[in-house]
Amino acid sequence: MPPFQSPPPPVQDLSSDDTPWAAHPLSGFGLVFQLSQRAGQLQFTQASESAQMVCGLSAQALLRSSTAFVGRIHAADQADFHASLQASALHGEPWNWEGRILTEGEIKWINIRAAVKRLDATQVQWNGIMINISHARRRESDLRDMAAHMERAREQERARLARDMHDELGQLLTALKMDISLLRRRLGPDDAQLNSMTQLVDAATAAGRRVAAQLRPAVLDLGLSDGLLWLAEEFSQRYGIPVSHQIEGAGELDDLTAIQIFRIAQEAFTNIARHAQAKSVRLTLAHTPGLIALDIVDDGLGFTPATQTSEKSFGLRGMRERAHLLGGTLDCASVPNHGTTLRVRVPCTECGKPADAPTSGKPISA
């Protein structure tokens, strides 16, 4: 299969071109076609000779029957194909669709771009190009796999640092505190300098525990539900903002899925603390067969759509990339002075173990 080429400029109306369709100049990019729909019936009326290369069917086979092409569309993409086609016909907007087709021996990804024209009350016509984007899709898949590998390595490093900080630093601080206790026996219990040193050691111990928990909360080893509950409690205690929660047991998730969802929630709470000036937060985790749904809602300042695309919105972009890494989606809806709603939907596979019992909670106060 030839390497994927950059797509040509957006297709306008190829029907006005006098060049024979079979040898159309754009056929070097993909299958140039004309598709008509009358009374709900599809029919290819023009097709370039590159049809065989793109969809595994000859131009003559396409012209004889559109059913041969539609039948090759992957079953999981059939509904989206027809929905996008009919939306284009209904609204008169350009048709842009990506999906999989089944050819002999392989599955290909194609992109269809076409301009639409209504010929009469019953007939609609599309003139456009169909491009094989399998190579780009494979590269995207490889990049996603690499990102997942790097994310796993990063989390393993965080876990190692958290253990080292908890164990080694904790042991050193404990030994230092014991030495201070021995000195206190010699210098007396009221020595101001020793008391100050004790307070500094206690503060360092608390800071070490807090940083270790941020790197990798030990409670996360018990599952995503317990990790989110700990996160809500820690946020409420630290910032004095009550968090109400409805957390269902997420069942047995793979480590990457659980950690990424937890990191999304962690970043969301960080953004609320820094920017939202919220008075309350609501956290919801729902588990249905094959899907994990996480909603985080605050009543803070909110923001405008322009803020989401600004250079400062790296937190939101990072959360969205984490969701995409899991094959999921992240939507953020916000109205200035009316708060923000973050919705995360991630597919998950069952591991054969029952989910924990639902945990319903009242607001967590500071």
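Look up a bit, the structure's there.
So, here's what we can say about the structure. (Residues numbered from 1 in each chain as written. Predicted model: local features only at pLDDT ≥ 70, side-chain atom pairs only at ≥ 80, totals over all residues. Heavy atoms only, no water.)

1. Re the pattern of salt bridges
Evaluation of the coordinates by the stated rule reveals five salt bridges. A salt bridge links Arg137 to Glu98, with the shortest nitrogen-to-oxygen separation between them at 2.9 Å. One end of the pair, Arg137, is in helix α5 (residues 134-187); the other, Glu98, is in strand β3 (residues 95-103), and 39 residues separate them in sequence. Relative accessible area serves as the criterion here: at 25%, Arg137 is assigned to the partly exposed category. Note that Asp295 is salt-bridged to Arg345, the shortest N-O span being 2.9 Å. You can see Asp295 sitting in strand β8 (residues 291-298) and its partner Arg345 sitting in strand β10 (residues 340-347), a full 50 residues away along the chain. (Salt bridge = Lys/Arg side-chain N within 4 Å of Asp/Glu carboxyl O. Helix = DSSP H or I, 4+ residues; strand = E, 2+ residues; numbered from the N terminus. Buried < 20%, exposed > 50% of the residue type's maximum accessible area, 1.4 Å probe, protein only.)

2. Here's the deal with the packing of α5 against helix α6 (residues 192-215)
Where α5 meets α6, the closest approach of the two axes is 9 Å, and the angle between their N-to-C directions is 170 degrees. By the angle between their axes, α5 is roughly antiparallel relative to α6. Packed against α5, whose contacting residues are Arg158, Leu161, Ala162, Met165, Leu173, Leu176, Lys177, Ile180, Leu183, Arg184 and Leu187, the element α6 presents Leu194, Asn195, Met197, Thr198, Val201, Asp202, Ala204, Thr205, Gly208, Val211, Ala212 and Leu215 at the interface. When the residues that make up the contact of α5 with α6 are grouped by side-chain class, the tally is 15 nonpolar, four polar and four charged. (Axes fitted to C-alpha atoms, helices over the stretch in contact; angles between N-to-C directions. Parallel < 35°, antiparallel > 145°, perpendicular 65-115°, else oblique. Contact = heavy atoms within 4.5 Å. Nonpolar A, V, L, I, M, F, W, Y, C, P; charged D, E, K, R; others polar.)

3. Focus: the packing of helix α8 (residues 255-276) against helix α10 (residues 314-325)
Relative to each other, α8 and α10 sit at 165 degrees, their axes nearing to 9 Å. Relative to α10, α8 is oriented roughly antiparallel. For the pair α8 and α10, the sense of crossing is left-handed. Listed contacts from α10 to Gln260, Arg263, Ile264, Glu267, Ala268 and Asn271 of α8 are Gly315, Met319, Arg322, Ala323 and Leu325. Within the contact of α8 with α10, the residues separate by chemical class into five nonpolar, three polar and three charged. (Left-handed = near helix turned anticlockwise from the far one by under 90°.)

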